[in-house]
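Spelled out, the chains give:
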Amino acid sequence: MCGIAGYVGKKDGLVVVMNCLKRLEYRGYDSAGVLFFSAKGGSASNGQNDQAELKKSPGKLTNLEKKVKNSCATPLLASIGHTRWATHGTPNETNAHPHADCHQKIFLVHNGIIENYRELKEQLEKRGHKFKSQTDTETVVHLLEDNYDKGATFEKTLDLTLKKIVGAYAFGIINQDEPQKIYFARLGSPLVLGIGTKEYFLASDQAALAGMAKKIIYLKEGQRGWISPTGFKVWPNKPIIERLDLNTEVAQKSGLEHFMLKEIFEQPETIKNALRGRLSTNGVKLGGLESVSKKLSKIKNLEIIACGTSYNAGLIGKLLFEEISDIPTSVSLASEHRYQQIAHRPDTGYIFISQSGETADTLAALKKIKTQGYLTLGLVNVVGSAIARETQAGIYNHAGPEISVASTKAFTSQLTILALMALCLGTKNKNKKELARELTLIPNKVKLILKQNDQFKALAKKYLQFQNFMFIGRKYNYPTALEGTLKLKEISYVHAEGIAAGELKHGSLALIDPHFPIFTLTNKNSVYEKMLSNMEEVKARGGKIISIATAGDRKIASVANDVIYVPKTLEPFEPLLNSIALQLFAYHFGVLRGHDVDKPRNLAKSVTVE
Ligand code: AGP
């Protein structure tokens, strides 16, 4: 949560930083701010001709854009910026980053949480420091000032300060004594360095640097350093410089109205990418798991740990592993698992699913499991992210950056990889060939669903006045129903609940009346007849039914009020198609209700705090 950007080089740093912030806005969007040096002057002098200008605004980045419209930054001097998702203190101008020390000499942007900020603040206040904001972050800038006063170099000041901090952080810091430098540090929150030609960048996510930096350093836990127009320094260990191959396309909406729609429409391609090079006539080959293949062959149980949409993918993964690989599998919410007393589970392998690879709860659960010596595997989209690094082995989604807060293409790509893993581990499964063949047909079947986009829009319009929805399904379609509710809730702000269809009569059926429409996932599969009976029960109570059904099913239209048809596929892969239908409904419903679906209220893309 929160996006950090920094630039030093020949260009106008304000323009570069604002550009990066635009690409990072998905990380937090309740306030934003920048610090740059300008010849025109502003609030405080840096001792030369240029003066530091601190501009902050509550609300989305467009507010800050208006504020800095007529400003420009002096080339070769440092600029930093921040887009915030509030943890401590309301999202107002004072609490927005960058924060400054008492003398407006040191400026700092932060992503993470300073856990011991209360103690530190108390000590610093006693020493005369004056705080302006309610944030944990401001403590760090005063602590830097306090340590710097002791006459140390700023490198040493930074080291000394970091030693006193407990918590998670990625920092970008400007000290007016060295206006050409941006100092940085990271622990527990992501931060990358971009390298161009005589220019250097700092960002929370590589996607912010697409088309700008040629090389990248994924900073490791505990690394810190500085960038200046003439070079950079990272300590305590040597950084690894890698090529950055992302083009600007990935960070743009490609002419579509929202990233969410773009990402929904990318799914034929992202599912193909998840399969590419991994599925052939010789079977499934998962390069990322080769280093642990011996350990994996001894595994008798699996446990999947994740949050949100990734957790829903895990629930489907469980069914895949049990049906295809015959491996008993359990699924846990990371936020629960990390605090639970877990019984010893010999021969268990743990799979951590995370689009961002940064989710604080998932990472904490992973660290806990690691200390107990279990095999840990990652299913992660963001290359080089914390969960990818902390797990012993893993598989990347290769879905490309997912910018919209609502996860869509990452989810179906997670399902694809879980299916591949299940096939890979299901050495004795007799239907492997048929399953593998069907998996390769999914991308084209997805295209057929996307072609019905207008129908989803019309359906959303028809049901727009309703405030409550229920989603029901059985087997694979139960977790798919849960994912359908999550999508609708997060971007439409209406109430939705997902129920295992067989559970309806155990309580939730009481909710059903003409004002409480119900989505049923009624594909022609092993539980089709059971689902039809559930639909009849709903209909008898005056409930309005919207069904996702298999193309060619004529029976269903006589029970449901509205039907959306998806192509026929094998039961384990139905979630890959049904979830896309539900994504499209949620998307149009949210847009028609006038919401910014890419940036739903109160949320942020990467949940890097508990
Ligand atoms: C999904 O639409 C959400 N925005 C959210 O539930 C997300 O899946 C969850 O926060 C987990 O994120 P991760 O996959 O990056 O770990």
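Residues numbered from 1 in each chain as written. Predicted model: local features only at pLDDT ≥ 70, side-chain atom pairs only at ≥ 80, totals over all residues. Heavy atoms only, no water.

(A) Up close: the sheet that holds strand S22 (residues 393-396). The strand order across the open sheet formed by five strands is S19-S18-S20-S21-S22, and the pairing between neighbours is parallel. Bordering the open sheet on either side are strand S19 (329-333) and S22, each of which pairs with just one other strand. Taking each pair of neighbouring strands and ignoring which way they run, the sheet shows an average axis angle of 20°. Note: strand S20 (residues 348-354) against strand S21 (residues 375-380), six bridges, orientation parallel. Bridge assignment links Ile-351 to a residue of S21, and that residue is Leu-377. Its contacts with the sheet place helix H9 (residues 308-325) against strand S18 (301-306), S19 and S20, and it is angled at close to 170° to S19. Together, S18, S20 and S21 form the strand contacts of helix H11 (residues 360-371), whose direction differs from that of S20 by roughly 160°. (Pairing = 2+ DSSP bridges. Helix = DSSP H or I, 4+ residues; strand = E, 2+ residues; numbered from the N terminus. Axes fitted to C-alpha atoms, helices over the stretch in contact; angles between N-to-C directions. Contact = heavy atoms within 4.5 Å.)

(B) Geometry of the nonpolar core. Counting residues in hydrophobic clusters, the biggest one holds 82 residues, and the most contacted among them are Phe-321, Leu-377, Met-421, Leu-439, Phe-469, Leu-488 and Phe-585. Apart from the residues within four sequence positions on either side, Phe-321 is in contact with Leu-302, Ile-304, Asp-326, Ile-327, Thr-329, Ile-351, Leu-418, Met-421, Ala-422 and Leu-425. One finds Tyr-7, Leu-61, Ala-208 and Ala-213 within the second-largest nonpolar core, a separate group that totals 25 residues. (Core = buried A, V, L, I, M, F, W, Y, C linked by side-chain atoms within 4.5 Å. Buried < 20%, exposed > 50% of the residue type's maximum accessible area, 1.4 Å probe, protein only.)

(C) Geometry of the packing of aromatic side chains. Scanning all chains against the criterion turns up 15 aromatic pairs. Ring centres of Tyr-200 and Phe-232 lie 5.8 Å apart, and the angle between their planes is 55°; on these two criteria the pair is classed as tilted. Of this pair, Tyr-200 sits in strand S11 (residues 200-203) while Phe-232 sits in strand S14 (residues 231-235), and the two are 32 residues apart along the sequence. Accessibility expressed as a relative area gives 11% for Tyr-200, which makes it buried. Judged by relative accessible area, which is 27%, Phe-232 ranks as partly exposed. Ring centres of Phe-469 and Phe-585 lie 6.0 Å apart, and the angle between their planes is 70°; on these two criteria the pair is classed as edge-to-face. Of this pair, Phe-469 sits in strand S23 (residues 468-473) while Phe-585 sits in helix H18 (residues 574-592), and the two are 116 residues apart along the sequence. Judged by its relative accessible area of 1%, Phe-585 falls in the buried class. (Phe/Tyr/Trp six-rings, centres within 6.5 Å; stacked < 30°, edge-to-face > 60°.)

(D) Just unusual backbone geometry, in detail. The omega torsion of the bond from His-97 to Pro-98 falls at -5°, within 30 degrees of zero and hence cis. For Pro-98, the location among the structural elements is in the loop between strand S5 (79-84) and strand S6 (99-100). Cis geometry marks the peptide bond from Trp-235 to Pro-236; its omega dihedral reads 5°. Among the structural elements, Pro-236 can be located in the loop between S14 and strand S15 (242-243). The phi torsion at Gln-104 lies on the positive side, around 55°, for a residue other than glycine. Following the sequence through the fold, Gln-104 ends up in the loop between S6 and strand S7 (106-114). Phi is positive for Asp-326, close to 60°, though the residue is something other than glycine.

(E) Geometry of the domain arrangement of the protein. The domains assigned to the protein are domain 1 (3-250), domain 2 (254-449) and domain 3 (452-597). Placing a centre on the C-alpha atoms of domain 2 and another on those of domain 3 gives a separation of 25 Å. Counting the surface lost from both domain 2 and domain 3, the interface buries some 3,000 Å², and carbon and sulfur atoms represent 73% of this. In terms of surface lost to domain 3, no three residues of domain 2 exceed His-258, Met-260 and Ile-449, which account for 22% of the buried area on that side. For the interface between domain 2 and domain 3, the tally reads twelve residue pairs in polar contact (both at pLDDT 80 or more). Mapped onto the side of domain 2 that touches domain 3, the elements with two or more residues apiece are helix H6 (259-265), helix H7 (267-275), H9, helix H13 (409-425) and helix H14 (432-450). Top contributing element to the side of domain 2 that touches domain 3 by residue count: H14, with nine residues. (Domains from an automatic or database assignment. Buried area = accessible area lost by both parts, 1.4 Å probe. Polar contact = N/O pair within 3.5 Å; in protein donor to acceptor, adjacent residues only side chain to side chain.)

(F) The sheet that holds strand S27 (residues 562-566), seen in detail. With parallel pairing, five strands are arranged side by side in an open sheet as S24-S23-S25-S26-S27. The sheet terminates laterally at strand S24 (495-500) and S27, the two strands that pair on one side only. Averaged over neighbouring strand pairs, the angle between their axes works out to 20° when direction is ignored. Here S23 pairs with strand S25 (residues 518-522) via three bridges, running parallel. Directly across from Met-470, in S25, lies its bridge partner Ile-518. In this fold H18 packs onto S23, S25, strand S26 (545-550) and S27, with an angle of close to 160° to the strand it touches most, S25.

(G) Fine view of H14. The end-to-end C-alpha distance of H14 is 28 Å, a good match for the 27 Å that 19 residues give at a rise of 1.5 Å each. Where H14 bends most, at Ile-442, the angle is about 40°, and the proline Pro-443 comes one to four residues later. Of the positions making up H14, those classed as buried are Leu-435, Ala-436, Glu-438, Leu-439, Ile-442, Pro-443, Lys-445, Val-446, Ile-449 and Leu-450. (Expected span 1.5 Å × (residues − 1). Bend = angle between axes of the 7 residues up to and from the residue.)

(H) View of helix H16 (residues 477-492). Between the first and last C-alpha of H16 there are 22 Å, a value that for 16 residues agrees with the 22 Å anticipated at 1.5 Å per step. Across the 16 residues of H16, 13 count as buried, placing the element largely inside the fold.

(I) Seen up close, the site of the ligand. Taken together, 15 residues sit near the ligand, with Ser-310, Ser-354, Ser-356, Thr-359 and Glu-490 positioned nearest. The separation between an oxygen atom of the ligand and a polar main-chain atom of Thr-309 is 3.1 Å. Here Lys-487 contributes a side-chain N or O atom positioned 3.0 Å from an oxygen atom of the ligand. Alone, the ligand offers 410 Å² of accessible surface; in the complex the protein occludes 90% of this. At the level of elements, H9 and H16 are the ones that each hand at least two residues to the shell around the ligand. (Near = heavy atom within 4 Å. Areas by Shrake-Rupley, 256 points an atom, 1.4 Å probe, with all protein chains shown as cover.)

(J) Main features of the confidence of the model for the protein. Averaged over the protein, the pLDDT score is 93; the fraction of residues at 70 or greater is 98%. Note on residues 41-47: pLDDT is under 50 here. Beyond four places in sequence and across chains, it has 18 contacts. (pLDDT = per-residue confidence, 0-100.)

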